[in-house]
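Read off the chains here:
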Amino acid sequence: MDQMQIPPWLESLLSTPFFSICSRHQDSPRNECNMYCIDCKNGAFCFYCRSSRHEDHNVIQIRRSSYHDVVRVAEIQNVLDISGIQTYVINSARVMFINERPQPKTTKGVPSHLCEVCGRSLLDSFRFCSLGCKVAGLKKNGEGNFNLSTKKENMEDSSKERIVIGRRLASKQDEEEDQEQEQEVEQVKLQTNPSTSHRNSNSRRRKGIPHRAPFRS
């Protein structure tokens, strides 16, 4: 069940350490291992490894925010259904955290939204604070899915249903408009030709006996 809900490469990504120095390119300026290949699933690598080993592969880049790993929504949403996960705008880009973070100190008041797994306070009405917490939530209660095709199928079904309803409404509206036009045409005919109908009615009358003047003696 979990394998159907959670892609195998995702759990590997969650357990992968990032931002170490690449052993193959220690003397290069961009040698931090901050990339992950969904196709290979064999750990983090750097910019130069991507060019030489993963050029045609599906690769996502990991970034840092307050010493925690994040991924841009624009990249991860192409391969995962990330619904229910809190997102943030950092450096003008919308991102989400990969794993659960340590809880901050207790603040006054009770937050209105909490992560279902770790209880972390959320800004909006999301269910999870990170990809890792959504994985844990799916394993716990089996609700939801990371399968992007399922999300697409639901969207397509909804779109098809809206199209069918729209066509039915349009067809009904066309019928009503046709009936209104027919009624308007009949009214116009009666208004524009009243004398014609009057002449036709007079022509159908039978002539009476003519009255003659009396004879004078």
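Here is a short report on the structure shown in this document.

About the cut-offs
Residues numbered from 1 in each chain as written. Predicted model: local features only at pLDDT ≥ 70, side-chain atom pairs only at ≥ 80, totals over all residues. Heavy atoms only, no water. Helix = DSSP H or I, 4+ residues; strand = E, 2+ residues; numbered from the N terminus. Buried < 20%, exposed > 50% of the residue type's maximum accessible area, 1.4 Å probe, protein only. Contact = heavy atoms within 4.5 Å. Areas by Shrake-Rupley, 256 points an atom, 1.4 Å probe, with all protein chains shown as cover. Core = buried A, V, L, I, M, F, W, Y, C linked by side-chain atoms within 4.5 Å. Phe/Tyr/Trp six-rings, centres within 6.5 Å; stacked < 30°, edge-to-face > 60°. Lys NZ or Arg CZ within 6 Å of the ring centre and 35° of its normal. Pairing = 2+ DSSP bridges. Polar contact = N/O pair within 3.5 Å; in protein donor to acceptor, adjacent residues only side chain to side chain.

1. Some words on the overall build of the protein chain
So, step 1. Looking only at helices and strands, one finds seven helices and six strands in the protein chain.
So, step 2. Secondary structure elements of the protein chain, listed N to C terminal, follow the sequence α-α-β-β-α-β-β-α-β-β-α-α-α.
So, step 3. Out of the 217 residues belonging to the protein chain, those deemed buried represent 29%.
So, step 4. Intrachain contacts of the protein chain at a sequence separation of at least 6 include 47% that bridge at least 24 residues.
So, step 5. With the model as given, the accessible surface of the protein chain reaches about 15800 Å², and the carbon-plus-sulfur share is 48%.

2. A few points about the nonpolar core
So, step 1. The biggest cluster of nonpolar side chains holds 30 residues, and the ones touching the most others in it are W9, L10, I76, L80, L131 and F146.
So, step 2. Every element with two or more residues in this core is listed here: α2 (8-14), β3 (59-65), α4 (73-76) and α5 (131-141).
So, step 3. Not counting residues within four places of it along the chain, the set of residues in contact with L80 comprises P7, W9, L10, L131, F146 and L148.
So, step 4. Grouped together as the second largest cluster of nonpolar side chains are eight residues, C33, C37, C49 and V59 included.

3. Quick look at the packing of aromatic side chains
So, step 1. What the rule picks out here adds up to two aromatic pairs.
So, step 2. Judged by centre distance (5.3 Å) and plane angle (80°), the rings of F47 and Y48 are edge-to-face.
So, step 3. Relative to F97, the ring of Y88 lies with its centre 5.5 Å away and its plane at 75°, an arrangement referred to as edge-to-face.
So, step 4. With relative accessibility at 16%, the residue Y88 sits in the buried group.
So, step 5. The ring centre of F47 lies 3.9 Å from the NZ or CZ of R30, which sits over that ring.

4. Remarks on the pairing of strand β6 (residues 93-97)
So, step 1. Of all five residues in β6, four are buried, a share of seventy percent or more.
So, step 2. Sheet topology places strand β4 (residues 68-72) next to β6; three bridges connect them, and they run antiparallel. Of the residues in β6, the one forming a bridge with V70 is F97.
So, step 3. The sheet contact formed by strand β5 (residues 88-90) and β6 spans three bridges and is antiparallel. The residue bridging Y88 from the neighbouring strand is V95, located in β6.
So, step 4. Where β5 hands over to β6, the hairpin turn is made up of two residues, of which N91 adopts a positive phi near 55°.

5. Brief notes about the sheet that holds β3
So, step 1. Pairing is antiparallel across the open sheet formed by six strands, whose spatial order is β2-β1-β3-β4-β6-β5. Edge strands, defined here as strands with exactly one partner in the open sheet, are β2 (44-45) and β5.

6. Remarks on the environment of T16
So, step 1. Along the chain, T16 turns up in the loop between α2 and β1 (35-37).
So, step 2. Judged by relative accessible area, which is 12%, T16 ranks as buried.
So, step 3. On a C-alpha basis, the gap between T16 and Y36 in space is 8.8 Å, while along the polypeptide they are 20 residues apart.
So, step 4. Ignoring sequence-local partners within four residues, the contact set of T16 consists of Y36, G43 and A44.
So, step 5. From its side chain, T16 meets the backbone oxygen of S12 in a polar contact 2.6 Å long.

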